Amino acid sequence: MTLANAALANETASYLAHVRRKRLYGGALLALFALLMLSGFKLANDRNAGGFWDGLHRIFDFPAEIFSEAFVNWRNLPGLFVKFVPSLIETLNIAAVSTLFGALAAAALALLSTRGLSLWPRMTPLFRRMMDVMRAIPEIVIALVLIFLLGGGPVPAMIAIAFHTTGALGKLFSEAAENADTKPVEGLASVGAGWAQRMWFGILPQVAPNWSSYALLRFEINIRASAILGFVGSGGIGYDLKTALQWGQGKYDAVVAIFALLFLTIMIVDHISDRARARLVKGERAA
Amino acid sequence: MTAAAISAVPDLHQMVSRKFRHRKWRAIAAPALIAAYLAYVFFAFDLPGLMSRARPENAAILLGDFWSYKTHVTRDNRSGEVVSAIEGERKGEYPPGQAPDWVSLGEVTRIALPDGSEVLFLEDGSARLDIAGYGVMAMALAGRTIELNLPPGTDKPEWLSQSKNRVSINRGGWRFAMTPSKTEVFRYQIGWELFFFTLDSPFHGRSLPELAALALWQPRLDPALPNAAAMARDFWTNAMWRHGEVAWAMFETVLMAFLGTMGAGLIALPLAFFAASNFAPARALRFALRRLFDFLRGVDGLIWTVILSRAFGPGPMTGALAILLTDTGTFGKTFSEALENIDAKQVEGVQSTGAHAVQQMRFGVIPQVAPVILSQLLYYLESNTRSATVIGALVGGGIGLLLTQAIITQKDWEEVCYYMVLVVLTVMAMDSLSGWIRRRFIKG
């Protein structure tokens with residue numbers, strides 16, 4: 001009995017020691033994290049042109065300035081909305097086309113880089129690395145290089161976003177394809193179907209809901225990206241925003257109109273795609 | 001089969017054939033719609049116009065510049081002075097009286113070129129070109145015009161262009177140009193020249209074993225510093241490639257992503273509790289917070305960047321704050337959804353031992369949501385490293401700024417390539433780091 005008690009006490013002591021050690025590690029990690037955050041903040045602050053504390057009270061100056069000007073010239077706003085709708089459509093077109101092409105390329109790459117499905121199993125690591133690199137190159141770099149080659153306009157942005165989308169969606173697509181049931185593929189193989197047929201009839205019906213859901217999510221992201229790329233010179237509403245900002249005072253009603261259009265578009269698209277994705281993934285009745 | 005079942009067969013048949021018809025229609029309509037849309041975009045994006053505006057010759061410049069460099073050998077036709085410089089830049093100039101080994105200086109400057117051709121800068125200011133597979137041509141200055149003498153009995157070749165006061169030759173691997181003020185030879189070579197040490201460094205032009213020997217046991221070249229330290233200094237302060245500044249910029253970019261992501265997580269976590277229906281008693285507050293998250297996400301990073309850079313000026317702090325604001329919205333949404341999906345039993349269990357609210361959170365809730373939160377944070381940290389490059393280009397900080405600056409010059413493509421490689425490597429490193437942390441802490 002005493003022996004058992006002693007063992008229990010021993011056990012308890014070692015458990016408590018374990019807990020203390022865990023807490024110590026947790027605390028140390030937390031302290032390290034806090035230290036990193038603080039020193040990082042200080043460093044970023046020192047390397048910034050204006051300091052954080054100086055700028056903090058000025059954060060609302062610019063919005064206040066543009067909104068008060070837009071408020072005075074509120075009669076211009078409806079006309080400005082109409083004026084910027086074509087560039088908004090261009091931005092949306094860039095996002096849509098690049099999502100379309102990116103998703104198609106991603107589907108091919110994803111199937112080629114999924115274990116068990118690939119046409120050339122030995123090449124899967126190569127396709128994976130390819131997607132990693134495509135994902136890692138920022139869109140802006142490709143867009144700027146293509147602007148040098150092709151001149152301005154929507155096409156450089158489209159290609160740049162499609163390139164990145166291929167890498168990003170390829171990874172997600174391949175993860176979804178990995179979880180697909182391979183029995184239909186085997187069944188198709190047994191009746192002599194080729195690789196493309198096996199994928200088309202065996203895998204695609206299984207992964208289509210997930211893939212479309214990912215593609216929709218990517219479309220949301222790509223709208224934002226195409227607006228940003230417009231800012232560096234490839235068409236769409238971002239370009240209009242840049243010109244309006246460069247003009248400065250007197251054009252602030254245009255800035256407000258663009259902000260509002262961009263904000264509304266993103267909200268609406270987010271909302272619709274949220275619903276559509278819920279339906280796709282959870283079935284018809286979920287939404 | 002019962003009577004009811006038999007009577008249902010025609011209905012079933014009808015339903016099935018109707019579904020088939022629908023499917024058939026959809027199978028044709030969807031590709032047709034996409035094709036129509038693409039046709040519309042083809043004209044909306046003005047692709048025919050693009051073909052005419054495209055500058056394929058720029059592609060050749062760019063691709064060549066990515067992995068090669070050129071050395072200029074220039075004679076000032078007034079003073080007669082000959083200078084060799086990498087990329088024609090001051091920072092890449094050879095010290096007076098020195099030149100690459102394929103140039104021999106003297107009364108007559110002899111320049112040996114890769115295809116076996118030779119260019120001579122003669123004492124009288126004229127130039128003699130012995131071009132492989134063609135012959136010898138001479139050109140001399142006569143006042144402001146250039147007299148060109150081709151080998152007898154030959155026509156002007158298509159790689160030579162001539163006007164009254166300019167003769168230029170493009171032979172692919174090298175070029176030659178003569179104007180009244182200067183005579184110049186450009187030779188292209190593969191590689192990133194001066195990547196490690198510039199010409200003014202004593203370590204330039206030494207082989208790897210030589211450098212290793214210098215670093216490890218040979219006497220100091222610079223009495224003030226050990227050789228290894230001097231090498232590090234010369235590399236770090238390389239004027240051509242600016243490794244020190246580039247490393248700082250890359251660090252700044254990662255810092256932006258780190259501060260933005262983690263800051264957003266720190267702000268969003270407590271707010272998410274008030275936005276989750278199973279924790280927040282106040283409906284109005286919940287509704288307000290949700291709209292706030294939607295607003296933060298809806299006002300895109302681009303708009304935040306514009307607004308913030310007015311208040312804080314260019315730099316990494318502005319970029320970090322722009323990331324922080326957008327991601328607070330995203331995290332607020334996903335964290336509060338994660339909190340709504342927790343299992344209430346675990347919290348009840350903790351409650352039954354007499355724990356108070358904070359202890360219930362700590363031991364009942366946090367362990368359930370921690371994996372979701374951690375993996376979200378890590379995923380965004382990686383993706384924000386890339387976004388920080390773009391945001392850096394807009395706010396003027398980090399590697400994004402260097403990249404746009406290098407691209408705008410339209411000639412420093414080798415630097416663009418260098419920065420791109422760095423960004424890709426960094427993003428991939430962040431990717432594998434976050435994957436490692438996820439495996440270590442989430443899957444146990």
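Please read these numbers as outputs of a predicted model, since none were measured by experiment.

A word on the overall build of chain A
- Check the secondary structure of chain A and you find 11 helices and zero strands.
- Counting from the amino terminus, chain A carries its helices and strands in the arrangement α-α-α-α-α-α-α-α-α-α-α.
- A compact globule built from 287 residues would reach a C-alpha radius of gyration of about 19 Å, whereas chain A, at 27 Å, exceeds it by more than 25%.
- Seen through its principal axes, chain A has C-alpha atoms that stretch 90 × 65 × 45 Å.
- Per-residue burial for chain A yields a buried fraction of 46% across its 287 residues.
- For chain A, the share of sequence-separated contacts (at least 6 apart) that also reach a separation of at least 24 residues comes to 74%.
- Surface exposure of chain A reaches about 15,200 Å², of which carbon and sulfur atoms provide 67%.
- The distance from the centre of the 26 positive side-chain charges to the centre of the 19 negative ones in chain A is 7 Å.

Focus: the overall build of chain B
- A tally of regular secondary structure across chain B gives 13 helices and 12 strands.
- Each principal axis of the C-alpha distribution contributes one length, and for chain B these read about 105 × 75 × 45 Å.
- When burial is assessed residue by residue, chain B has 44% of its 444 residues classed as buried.
- Put simply, 54% of the contacts in chain B that link residues at least 6 apart link residues at least 24 apart.
- Accessible surface computed for chain B: about 23,200 Å², of which carbon and sulfur atoms make up 62%.
- On chain B, the mean spot of the 42 positive side-chain charges and the mean spot of the 39 negative ones are 13 Å from each other.

Considering the pairing of strand β2 (residues 82-86) of chain B
Residue and element names in this part refer to chain B.
- Bridge count for strand β1 (residues 68-76) against β2 is five bridges, and the pairing is antiparallel. Note that in β2 the partner of Thr71 across the bridge is Ile86.
- Count of turn residues in the β1/β2 antiparallel hairpin: five residues, of which Gly80 carries a positive phi of about 80 degrees.

Describing the interface of chain A and chain B
- Facing the 65 residues of chain A at the interface are 62 residues of chain B.
- Taking both sides of the interface into account, the surface hidden between chain A and chain B amounts to around 5,700 Å²; carbon and sulfur atoms contribute 75%.
- There are five salt bridges connecting chain A and chain B.
- Across the pair Arg135 of chain A and Asp431 of chain B runs a salt bridge, and its minimum N-O distance is 3.2 Å.
- At the boundary of chain A and chain B, one finds 13 residue pairs in polar contact (both at pLDDT 80 or more).
- In terms of residue count, the dominant contributor to the side of chain A that touches chain B is helix α1 (residues 2-47) of chain A (nine residues).
- In terms of residue class, the side of chain A that touches chain B is built from 45 nonpolar, 10 polar and 10 charged.

Quick look at the domain arrangement of chain B
- According to the domain assignment, chain B contains domain 1 (69-190) and domain 2 (243-441).
- In this structure, domain 1 of chain B and domain 2 of chain B have C-alpha centres spaced 56 Å apart.

Some details on the packing of aromatic side chains
- Under the counting rule described, the total for this entry stands at 20 aromatic pairs over all chains.
- A ring pair is formed by Phe295 of chain B and Trp304 of chain B, whose centres lie 6.3 Å apart and whose planes are at 85 degrees; its orientation type is edge-to-face.
- The class of Trp304 of chain B is buried, set by a relative accessible area of 12%.
- Taken together, the aromatic side chains of Phe41, Phe52 and Trp53 of chain A together with Phe312 of chain B make up a single cluster linked through ring pairs.

Observations regarding empty space enclosed by the protein
- Under the criterion given, the structure shown has one cavity of 30 Å³ or more.
- Lining the largest cavity are Asp132, Arg135 and Ala136 of chain A together with Glu382, Arg386, Val427, Met428 and Asp431 of chain B.
- Elements with a contribution of two residues or more to the lining of the largest cavity: α5 (124-136) of chain A together with α11 (357-395) and α13 (413-441) of chain B.
- For the lining of the largest cavity, the class distribution of residues is three nonpolar, no polar and five charged.

Let's talk about the packing of helix α8 (residues 301-312) of chain B against α11 of chain B
Residues and elements named next belong to chain B.
- At their nearest, the axes of α8 and α11 sit 10 Å apart, and the two run at 40 degrees to each other. If you check the angle between α8 and α11, you find them oblique. In this structure, α8 crosses over α11, and the sense of that crossing is right-handed. Contact with α8, carried on its side by Leu302, Thr305 and Ser309, involves Ile391, Leu394 and Val395 of α11 and no other residues of that element.

Description of the pattern of salt bridges
- Summed over all chains, the structure comprises 22 salt bridges over all chains.
- Two residues, Arg242 of chain B and Glu245 of chain B, come together in a salt bridge whose shortest N-O distance is 3.4 Å.
- Residue classification places Glu245 of chain B among the partly exposed positions, given a relative accessible area of 46%.
- Via salt bridges that share partners, Arg224 and Asp270 of chain A together with Arg291, Asp294, Arg297 and Asp300 of chain B belong to a single interconnected network.

Some details on a nonpolar patch on the surface
- The grouping of Leu119, Trp120, Met123, Leu126 and Met130 of chain A at the surface amounts to a nonpolar patch, some 450 Å² of accessible area in total.
- For Met130 of chain A, a relative accessible area of 37% corresponds to the partly exposed category.

Comments concerning the sheet that holds strand β10 (residues 166-170) of chain B
Residues and elements named next belong to chain B.
- Taken together, six strands build an open sheet; the order of strands is β2-β1-β12-β11-β10-β9 and the sheet is antiparallel. Of all strands in the sheet, those with a lone pairing partner are β2 and β9 (160-163), marking the two edges. This sheet shows a mean twist of 10 degrees between the axes of neighbouring strands, independent of strand direction.

Conventions and cut-offs
Residues numbered from 1 in each chain as written. Chains lettered and ligands numbered in written order. Predicted model: local features only at pLDDT ≥ 70, side-chain atom pairs only at ≥ 80, totals over all residues. Heavy atoms only, no water. Helix = DSSP H or I, 4+ residues; strand = E, 2+ residues; numbered from the N terminus. Rg over C-alpha atoms; globule rule 2.2 N^0.38 Å. Buried < 20%, exposed > 50% of the residue type's maximum accessible area, 1.4 Å probe, protein only. Contact = heavy atoms within 4.5 Å. Areas by Shrake-Rupley, 256 points an atom, 1.4 Å probe, with all protein chains shown as cover. Lys, Arg positive; Asp, Glu negative; His and termini not counted. Charge placed at Lys NZ, Arg CZ, Asp CG, Glu CD. Pairing = 2+ DSSP bridges. Buried area = accessible area lost by both parts, 1.4 Å probe. Salt bridge = Lys/Arg side-chain N within 4 Å of Asp/Glu carboxyl O. Polar contact = N/O pair within 3.5 Å; in protein donor to acceptor, adjacent residues only side chain to side chain. Nonpolar A, V, L, I, M, F, W, Y, C, P; charged D, E, K, R; others polar. Domains from an automatic or database assignment. Phe/Tyr/Trp six-rings, centres within 6.5 Å; stacked < 30°, edge-to-face > 60°. 1 Å grid on protein atoms, 1.4 Å probe; cavity = no way out; pocket = protein on both sides within 12 Å on 5 of 7 lines; lining within 4 Å. Points joined across faces, edges and corners; volume = space filled by probe spheres on them. Axes fitted to C-alpha atoms, helices over the stretch in contact; angles between N-to-C directions. Parallel < 35°, antiparallel > 145°, perpendicular 65-115°, else oblique. Left-handed = near helix turned anticlockwise from the far one by under 90°. Patch = residues over 30% accessible without salt bridge, like charges linked within 9 Å, V, L, I, M, F, W, Y side chains within 5 Å.

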